[in-house]
Amino acid sequence: MDDEAFYQLVSVFQHLVSWVAAGAMVFGGLVPYVPQYRDIRRTQNAEGFSTYVCLVLLVANILRILFRFGRYFETLLLWQSIIMIATMLIMLNLCTNVRMAADLNTKRRNFIDFDWSYFWLWSRFLDYMQCVLAFTLTAAYVTYLFLDSALFVESLGFLAVFTEAMLGTPQLYCNYQNKSTEGMSIKMVLMWTSGDTFKTGYFLLTQAPVQFWICGLLQVLVDVTILFQVYYYSRYPQKPASHAVSHTSSAKAL
């Protein structure tokens, strides 16, 4: 009887760990953006956040969802993509409203103007939604046409996770250009690193498609390299602290 109770306790514990891991997998990706969202709401200033982060994650997760039509992967990863898309749209909505409230005299830019010099710099959230919808429909149609091609499906999966893996590279390049990490949130990068490490381990344990864990390892490598930049530029300063302003401007441009 004692053995049976012990095994039941172990089983309950295993289920609990599984639920916690699943929850972390689904919702963990949005956690780093919660402090950013609160800061923008509090300060009514979105200049420190690049909406190109939203662009990268929207493209990556839309392609990942389409990849599932050609090659099945865990439903948890599907929900992760859906929640991340919703998170990025919420961030875009907030940033657009804040920036337009601050720049009342700025000429309005619309998606249907098809002015590539102002791509992803539009004035209304509706324009971003139009772009996302146009991309989704186009990508879905192309996927439908080539769904029977194994090469296309595998390439689509690789493109999806590789795009997401490149999320940290603009920050990496910006730090290198400025020879400083001033103005960068170390807390955000630490959250990226912990989340990407957990995610990559999850991919390996659940035998996710090879594209997932290879690009997960690439993400971790980029995160660790950024943390090394923090150490290196703090230990061996390359320029005066007064250059932090230029760093912020460069980060915004990326």
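What counts and how
Residues numbered from 1 in each chain as written. Predicted model: local features only at pLDDT ≥ 70, side-chain atom pairs only at ≥ 80, totals over all residues. Heavy atoms only, no water. Helix = DSSP H or I, 4+ residues; strand = E, 2+ residues; numbered from the N terminus. Buried < 20%, exposed > 50% of the residue type's maximum accessible area, 1.4 Å probe, protein only. Expected span 1.5 Å × (residues − 1). Phe/Tyr/Trp six-rings, centres within 6.5 Å; stacked < 30°, edge-to-face > 60°. Axes fitted to C-alpha atoms, helices over the stretch in contact; angles between N-to-C directions. Parallel < 35°, antiparallel > 145°, perpendicular 65-115°, else oblique. Left-handed = near helix turned anticlockwise from the far one by under 90°. Contact = heavy atoms within 4.5 Å. Salt bridge = Lys/Arg side-chain N within 4 Å of Asp/Glu carboxyl O. UniProt positions renumbered as here; feature names shortened; annotations may be inferred.

1. Some words on unusual backbone geometry
Outside of glycine, negative phi angles account for most residues, and trans bonds account for most peptide bonds. The residue Phe-114 is not glycine, and still its phi comes out positive at about 55°. Assignment of secondary structure puts Phe-114 in the loop between helix H4 (75-102) and helix H5 (125-145). Residue Phe-114 is classed as exposed on the basis of its relative accessible area of 57%. Of note in the backbone geometry, Trp-120 takes a positive phi value of approximately 65° without being a glycine. If you trace the backbone, Trp-120 turns up in the loop between H4 and H5.

2. Things to note about helix H8 (residues 186-205)
Between its terminal C-alpha atoms H8 stretches 29 Å, which fits the 28 Å expected from 20 residues at 1.5 Å a residue. After H8 finishes, the residue Gln-207 shows a positive phi value of roughly 55°.

3. A look at the packing of aromatic side chains
Here the structure, examined in full by the defined rule, presents 14 aromatic pairs. For the ring pair Phe-119 and Trp-120, a centre distance of 6.0 Å and an interplane angle of 35° mean the geometry is tilted. Residues Trp-120 and Tyr-128 carry aromatic rings whose centres are separated by 4.9 Å and whose planes lie at 90° to one another, so their mutual orientation is edge-to-face. Of the two residues examined, Trp-120 and Tyr-128, each falls in the buried class.

4. Things to note about the packing of helix H2 (residues 33-43) against H4
Axis separation between H2 and H4 bottoms out at 11 Å; the angle between their running directions is 20°. Taken as axis vectors, H2 and H4 run roughly parallel relative to one another. Crossing of H2 over H4 shows left-handed handedness. Touching Tyr-33, Gln-36, Tyr-37, Ile-40 and Arg-41 of H2 are Met-88, Ile-90, Met-91, Leu-94, Cys-95 and Val-98, all from H4.

5. Quick notes on the pattern of salt bridges
All told, the structure shown has 3 salt bridges when counted by the stated rule. Notably, a salt bridge pairs Arg-71 with Glu-154, separated by 3.2 Å at the nearest N-O pair. Residue Arg-71 is located in the loop between helix H3 (52-70) and H4, and its partner Glu-154 is located in helix H6 (residues 150-165); the two are separated by 83 residues in the primary sequence. By relative accessible area, which is 31% here, Arg-71 ends up partly exposed. For Arg-124, the salt bridge is made with Asp-127, and the minimal N-O distance between the two is 3.1 Å.

6. Overview of the UniProt feature "transmembrane region" (unreviewed entry) in the protein chain
The residues that UniProt annotates with the feature "transmembrane region" (unreviewed entry) are residues 12-34, 46-66, 78-98, 119-144 and 211-233. For residues 78-98, the helix share is 100%, the strand share is 0%, and the end-to-end C-alpha distance is 31 Å. Summarising residues 119-144: 77% helix, 0% strand, and an end-to-end C-alpha distance of 27 Å.

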